[in-house]
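So the chains spell out like this:
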Amino acid sequence: MPAPREDVVLRVDRLSYGGRGVARLDGLVVFVDGAAPGEMVRARLLRVRRTYAEAATVAVESPSPVRVQPRCPHFGECGGCLWQHVDYPAQLAAKQAIVVESLQHLGGLVDLPVRPILPTEPPWHYRNKMEFALAPPGRVGLHRRQRWDEVVDLEVCYLPSPRAVAVLRAVREFLRTWGIPCYDTRTHQGFARHLVVREGHHTGEMLVALVTAPGAFARAREFIEAVRGAVPEVTGVVRVLNPSRSDAVEVAGVEVLAGRPYIHERLRGLTFRLDVQTFFQTNTAAAERMLDVVGEFAALTGRERVVDLYCGVGTFALALAARAAEVVGVEALPASVDAARQNAVLNGIANTRFVCADAARVSEALSGAAADVVVLDPPRAGAGARVMRQIARLRPQRVVYVSCNPTTLAPDLKVLVAAGYRVSAVQPLDLFPHTYHVECVVRLDRSS
């Protein structure tokens, strides 16, 4: 059995969900950071378990033909991207393979009609929302790889727009000029915690939020000037209060410093109102393609009653309403339900209604009414067997499952297949280039 800190030479076969290369050492599976598929690397073993090991690339002995020079100078230390060293077609191939393997090995689903993955083109500047971490002494950026307590001070980033990066630089200069203490996640001391930048790619609107600990914001006017100096046309500047010790962006209150506390974005002719907290797909162009796929898989004729589980602010519900008799959105978060109702009014859509309820209690939320088509877009943890059984009891003719995690999608699909549904189509989409994340839209039809 090999030992930790030992250097070994490995041939990397493929990329895994989680971002690492996969190799074998005398039959032992080794997950290798920093590797590309098809290359020989010298790697240092970090952890060795009975069934697998973890390692980091020390040197590339024989480079892969798909290895490329990363565009970003921060790549390798920053945790925002893991695959910039792999060319984009190879990233897409890896994600396609991850979807197929997950459905087979975790769901027992074989010979499925998996379509070619839909790319993001170009695979840069695609994010419409970024949450930058702040840390002493005036660092603004993203967490270092595999470290929650260190922040890489970014000069550039190719995930958001150049305007967002201009805001990042201006805010860092503001923090350092005025000596604003940044929050230290180890001591829980400091004031400024996160910078959130949200944009409407179709509207051009921008919302900038400084997340802080409670207390007086003595330099609010200077903060507004810094942001407007970077982006004069900024739509709104807000301060978000976060009193918790969690490193996540938690919102206890919002103070409007300038403009308004929300922006608008458009998807396929629909307008959505987005504030700091609103969940919305972070890749606008790819989200539009996803809407197209969901609409195709739902195959509505205008007579159906559609149920949209985990409906959020109504993205899918409102997009499907024009081709349905009625759409009922079910969402557990009251703020999202309120936003969905507002978005329905904003778009003049009258055949939708939104219910605040847990997805696992969808039958009660519908008061026993039937559903012809069910659409669901659960969080990364998946819907779970309980929700999937609830869907099966509704006996919809079709189910359209939107997933951001193929490893939780697979067991959820297995439940529906056992209940008499067949998988008719699987469409992977790449919403997050240079990361291992992959989205899927799956159509299931009732067999009997």
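In this text the structure is predicted, and so the values were computed from the model without any measurement.

Caption draft 1: Region of interest: the overall build of the protein chain. Scanning the protein chain from terminus to terminus reveals 9 helices and 21 strands. Its C-alpha atoms give the protein chain a radius of gyration of 23 Å, near enough to 22 Å, the size a compact globule of 448 residues would have. The C-alpha extent of the protein chain, read off along each of the three principal axes, is 60 × 60 × 35 Å. Counting all 448 residues of the protein chain, 55% fall into the buried class. A separation of at least 24 residues holds for 63% of the contacts in the protein chain among residues at least 6 apart in sequence. Surface accessibility of the protein chain: about 18700 Å² in total, with carbon and sulfur atoms responsible for 51%.

Caption draft 2: Geometry of the pairing of strand β9 (residues 192-199). Judged by how many residues are buried, β9 sits mostly within the fold: 8 of 8 residues are covered. One ladder, built from 5 bridges, connects strand β6 (residues 129-135) with β9; its direction is antiparallel. Along β9, the bridge assignment pairs Ala133 with His194. Bridge count between β9 and strand β10 (residues 206-212): 7 bridges; the pairing is antiparallel. Within β10, the residue paired with Ala192 across the bridge is Thr212. Remark: 6 residues form the turn of the hairpin made by β9 and β10, two consecutive strands paired antiparallel; Gly204 in that turn has positive phi of roughly 80 degrees.

Caption draft 3: Here's a closer look at unusual backbone geometry. The amide bond that connects Glu121 to the next residue, Pro122, takes the cis arrangement and shows omega of -10 degrees. Along the chain, Pro122 turns up in the loop between α1 (88-107) and β6. Residue Pro137 follows Pro136 across a cis peptide bond; omega there is -5 degrees. Along the polypeptide, Pro137 turns up in the loop between β6 and β7 (139-143). Here Asp26, not a glycine, exhibits a phi torsion of approximately 50 degrees, which is positive.

Caption draft 4: Focus on the environment of Arg389. If you trace the backbone, Arg389 turns up in helix α8 (residues 385-394). For Arg389 and Gly215, which are 174 residues apart along the polypeptide, the C-alpha to C-alpha distance reads 48 Å.

Caption draft 5: Layout of the nonpolar core. Membership of the largest hydrophobic core comes to 87 residues, with the highest contact counts inside it found for Phe132, Leu175, Leu195, Phe223, Val294 and Val441. When residues no more than four places from it in sequence are discounted, the contact partners of Leu195 are Met130, Glu131, Phe132, Leu134, Val140, Val167, Leu168, Val171, Val208 and Ala209. Of all hydrophobic cores here, the second largest spans 39 residues; its members include Leu309, Tyr421, Val426 and Leu444.

Caption draft 6: Looking closely at the packing of α1 against helix α9 (residues 406-418). At a closest axis distance of 8 Å, the pairing of α1 and α9 adopts a crossing angle of 45 degrees. One finds that α1 runs oblique with respect to α9. Between α1 and α9 the crossing geometry is right-handed. Within the contact between the two elements, α1 uses Ile98, Val99, Ser102, Leu103, Leu106 and Gly107 and α9 uses Pro406, Thr407, Leu409, Ala410, Pro411, Leu413 and Lys414. Partitioned by chemical class, the residues of the contact of α1 with α9 number 9 nonpolar, 3 polar and 1 charged.

Caption draft 7: Seen up close, the pattern of salt bridges. On inspection of all chains with the given rule, the structure shows 31 salt bridges. When salt bridges with common partners are traced through the structure, they connect Glu77, Arg144, Arg147, Asp149 and Glu150 into a single cluster.

Caption draft 8: Structural detail: the environment of Pro243. Turning to its location among the elements, Pro243 is positioned in the loop between β11 (236-241) and β12 (253-259). With 185 residues separating them in the primary sequence, Pro243 and Pro428 have C-alpha atoms 39 Å apart. If sequence neighbours within four positions are ignored, Pro243 has contacts with Arg193, Pro214 and Ala252.

Caption draft 9: Structural view of the sheet that holds strand β2 (residues 21-25). Sheet architecture is closed into a barrel: 5 strands sit in the order β1-β2-β3-β5-β4, paired in mixed fashion. Within the sheet, the average angular offset between the axes of one strand and its neighbour, ignoring direction, is 50 degrees. Bridge analysis of strand β4 (residues 40-48) against strand β5 (residues 52-62) gives 8 bridges, and the strand direction is antiparallel. Paired with Val48 across the strands is Ala53, a residue of β5.

Caption draft 10: Region of interest: the sheet that holds β12. Strands sit in the order β8-β7-β6-β9-β10-β11-β12 across an open sheet of 7 strands; the sheet is mixed. Two strands bound the open sheet, and with one partner strand each, they are β8 (151-153) and β12. The sheet shows a mean angle of 30 degrees between the axes of neighbouring strands, direction not considered. Inspection of the sheet shows β10 paired to β11 by 6 bridges, in the parallel sense. Bridge pairing in β11 places Ala209 opposite Val238. This element, helix α2 (residues 162-177), spans β6, β7, β8, β9 and β10 of the sheet and lies at about 155 degrees to β9. Contacting β10, β11 and β12, helix α3 (residues 220-230) crosses the sheet at an angle of about 60 degrees to β12.

Caption draft 11: Local environment of the side chain of Ser161. When you line up the elements, Ser161 lands in the loop between β8 and α2. The exposure class of Ser161 is buried, given its relative accessible area of 12%. Excluding its chain neighbours within four sequence positions, the residues that come into contact with Ser161 are His125, Arg127 and Glu199.

Caption draft 12: Quick peek at α8. Among the residues of α8, Val387, Met388, Gln390, Ile391, Ala392 and Leu394 are the ones counted as buried. Looking at the buried side of α8, the elements it contacts are β15 (305-309), α7 (362-365), β18 (373-376), β19 (398-403), α9 and β20 (421-429). Just downstream of α8, Arg395 is the residue with a positive phi angle, here 55 degrees.

The rules behind these values
- Residues numbered from 1 in each chain as written.
- Predicted model: local features only at pLDDT ≥ 70, side-chain atom pairs only at ≥ 80, totals over all residues.
- Heavy atoms only, no water.
- Helix = DSSP H or I, 4+ residues; strand = E, 2+ residues; numbered from the N terminus.
- Rg over C-alpha atoms; globule rule 2.2 N^0.38 Å.
- Buried < 20%, exposed > 50% of the residue type's maximum accessible area, 1.4 Å probe, protein only.
- Contact = heavy atoms within 4.5 Å.
- Areas by Shrake-Rupley, 256 points an atom, 1.4 Å probe, with all protein chains shown as cover.
- Pairing = 2+ DSSP bridges.
- Core = buried A, V, L, I, M, F, W, Y, C linked by side-chain atoms within 4.5 Å.
- Axes fitted to C-alpha atoms, helices over the stretch in contact; angles between N-to-C directions.
- Parallel < 35°, antiparallel > 145°, perpendicular 65-115°, else oblique.
- Left-handed = near helix turned anticlockwise from the far one by under 90°.
- Nonpolar A, V, L, I, M, F, W, Y, C, P; charged D, E, K, R; others polar.
- Salt bridge = Lys/Arg side-chain N within 4 Å of Asp/Glu carboxyl O.

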